[in-house]
Amino acid sequence: MSRNLTGEQYVRSKYITLQAKESVQLMDFLLKEMSGISRNRVKDLLRGHAVMVDRKLVTQYDFILQPGQMVLVSRRKRSTELQNKYVKIIYEDKDIIVIEKSKGILSMASTPGQYCVKTILDEYFRSRHFPCTAHVVHRLDRDTSGLMIYAKSREVQAMFEKDWHGMVYDRRYVAVLCGEMEQEGGTVHSWLKDNKAFITYSSSTDNGGKEAITHYRRLVTNGRFTLAEMRLETGRKNQIRVHMKDLGHPVAGDDKYGNGPCPLHRLALHAFRLYFYHPRTGELMRFETPHPTAFVRLFDLASAGKKTTDK
């Protein structure tokens, strides 16, 4: 704060100050009080964390103001971008947050105090004075990248848990697999169970484990590697990694279930599509990210030796 400004003067220099005179929805109040502003601009301000009610951030357009409450609207839209190398925010509302996770970080801590995506999101919420914490809805392995949903309350988390298969419409991954996959596609159906060393193994018959179904499709192969897409019908621990091993084409860079190192120096598995029904509104939400550049480049560089291309 400038030494020449009082607290009140500072607020007025940074914010448009408005006061509610009656009980009214925040959206309607801002449209009336801020002459000429559009509904889309109001939504943009709310999404941009530029509106406070009695010094607390509010993002809901249907928030009900009470007579006498003070509304502060930032004269400059706040940045909603999270500056973190591991997490990129794709979508956010009052109930959920959809992020793209980088490789190299856990979805949630396995030991107390461990740095993970939940840690990053909780700090993001605290820094913006949001009264919520991140609740994991589904997980990605540490070295798998891609799209994830986190709930902002235990209530919403429970909604997903209660009807996961009914709410999650389509989840797809892309992977670089070892070797040349001759078949165009198919389905792997097995039961997965952990042994005493916590290694997941697969059985073609019910072994008391969890049923797992993975649909796969070859995209391109260069003889040494295959780029393939997988659609999950179930979401089990290490499902894709174990199922691709069953096919004889483990995920490149998989030291646990595969052939070890690969040219990409990472586990070559990325969750690129996530379609689901919103737990509150029922709206079909569709999110996709491009296939990782490094995955595609591996085949572009080897195009001279490419043997099969499927469109």
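All values derive from a computational prediction rather than experimental measurement.

Caption draft 1: Structural view of the layout of surface pockets. Put simply, the largest pocket is a space of about 1300 Å³. Lining of the largest pocket is provided by 44 residues; of these, Arg-139, Asp-141, Arg-236, Lys-237 and Asn-238 occupy positions nearest its centre. If you list the elements that add at least two residues to the lining of the largest pocket, you get helix H5 (154–162), helix H6 (164–167), strand E11 (168–178), strand E12 (185–194) and helix H7 (239–247). When its residues are assigned to classes, the lining of the largest pocket shows 16 nonpolar, 12 polar and 16 charged. Considering only enclosed or pocket space, the second largest pocket measures out at about 1100 Å³ in volume. Thr-59, Gln-60, Glu-92, Asp-93 and Lys-94 are the residues nearest the centre of the second largest pocket, which is lined by 39 residues in total. Per element, the largest residue contribution to the lining of the second largest pocket is five residues, and it comes from strand E7 (residues 87–92). Taken together, the residues of the lining of the second largest pocket break down into 15 nonpolar, nine polar and 15 charged.

Caption draft 2: Local environment of the packing of aromatic side chains. One pass over the structure, following the stated rule, counts 10 aromatic pairs. The interplanar angle of 45° and the centroid separation of 5.6 Å between the aromatic rings of Tyr-91 and Phe-287 together place this pair among those described as tilted. Residue Tyr-91 is located in strand E7, and its partner Phe-287 is located in strand E17 (residues 284–288); the two are separated by 196 residues in the primary sequence. For the ring pair Tyr-169 and Tyr-277, a centre distance of 6.2 Å and an interplane angle of 75° mean the geometry is edge-to-face. One end of the pair, Tyr-169, is in strand E11; the other, Tyr-277, is in strand E16 (residues 269–277), and 108 residues separate them in sequence. In this structure an aromatic cluster arises from ring pairing among Tyr-91, Phe-160, Trp-164, Phe-276 and Phe-287.

Caption draft 3: Structural detail: the state of the cysteines. If you walk through the whole model with that rule in mind, you get zero disulfides. Cys-178 carries a free sulfur, and the closest cysteine sulfur to it, the one in Cys-262, is 7.1 Å from it.

Caption draft 4: Main features of the pattern of salt bridges. Counted by the stated rule, this structure contains 13 salt bridges. Note that Lys-237 is salt-bridged to Asp-194, the shortest N-O span being 2.7 Å. You can see Lys-237 sitting in the loop between strand E15 (225–232) and H7 and its partner Asp-194 sitting in strand E12, a full 43 residues away along the chain. Looking at Lys-237, the relative accessible area reads 43%, which means it is partly exposed. Residues participating in the shared-partner salt-bridge network are Asp-170, Arg-172, Arg-217, Glu-229, Arg-273 and Glu-288.

Caption draft 5: Broad picture of the sheet that holds strand E6 (residues 70–74). Read across the open sheet, the four strands follow the order E1-E6-E3-E4; overall the sheet is antiparallel. Two strands in the sheet have a free side with no partner beyond their single neighbour: strand E1 (15–19) and strand E4 (56–57).

Caption draft 6: Summary view of the pairing of strand E8 (residues 96–101). With five of six residues buried, E8 lies mostly within the body of the structure. With five bridges joining them, E7 and E8 adopt antiparallel strand pairing. Opposite Ile-89, over in E8, you have Ile-99 as the bridge partner. In this structure, the hairpin formed by E7 and E8 is closed by a connection of three residues.

Caption draft 7: Focus on the side chain of Gln-239. Among the structural elements, Gln-239 can be located in helix H7. Ignoring any residue separated from it by four or fewer positions in sequence, one finds Gln-239 in contact with Leu-192, Ala-212, Ile-213, Thr-214, Leu-232 and Thr-234.

Caption draft 8: Looking closely at helix H2 (residues 26–33). Burial in H2 covers these residues: Leu-26, Met-27, Phe-29 and Leu-30. Viewed along the axis of H2, the buried residues span an arc of 165°, placing them on a single side of the element. For H2, the secondary structure elements touched by its buried residues are E1, strand E2 (24–25), helix H3 (39–47), strand E3 (51–53), strand E5 (64–65) and E6.

Caption draft 9: A look at H3. Restricting attention to buried positions, one finds in H3 the residues Val-42, Leu-45 and Leu-46. Considered in projection along H3, the buried side chains sweep an arc of 100° and stay on one side of the axis. Turned more than 90 degrees off the buried face of H3, the exposed positions are Asn-40 and Arg-47. Packed against the buried residues of H3 are H2, E3 and E6. At the C-terminal side of H3, His-49 shows a positive phi close to 60°.

Rules used in this analysis
- Residues numbered from 1 in each chain as written.
- Predicted model: local features only at pLDDT ≥ 70, side-chain atom pairs only at ≥ 80, totals over all residues.
- Heavy atoms only, no water.
- 1 Å grid on protein atoms, 1.4 Å probe; cavity = no way out; pocket = protein on both sides within 12 Å on 5 of 7 lines; lining within 4 Å.
- Points joined across faces, edges and corners; volume = space filled by probe spheres on them.
- Helix = DSSP H or I, 4+ residues; strand = E, 2+ residues; numbered from the N terminus.
- Nonpolar A, V, L, I, M, F, W, Y, C, P; charged D, E, K, R; others polar.
- Phe/Tyr/Trp six-rings, centres within 6.5 Å; stacked < 30°, edge-to-face > 60°.
- Disulfide = S-S within 2.5 Å.
- Salt bridge = Lys/Arg side-chain N within 4 Å of Asp/Glu carboxyl O.
- Buried < 20%, exposed > 50% of the residue type's maximum accessible area, 1.4 Å probe, protein only.
- Pairing = 2+ DSSP bridges.
- Contact = heavy atoms within 4.5 Å.
- Arc of directions from axis to C-beta.

These values are about where atoms sit, not about what they do.
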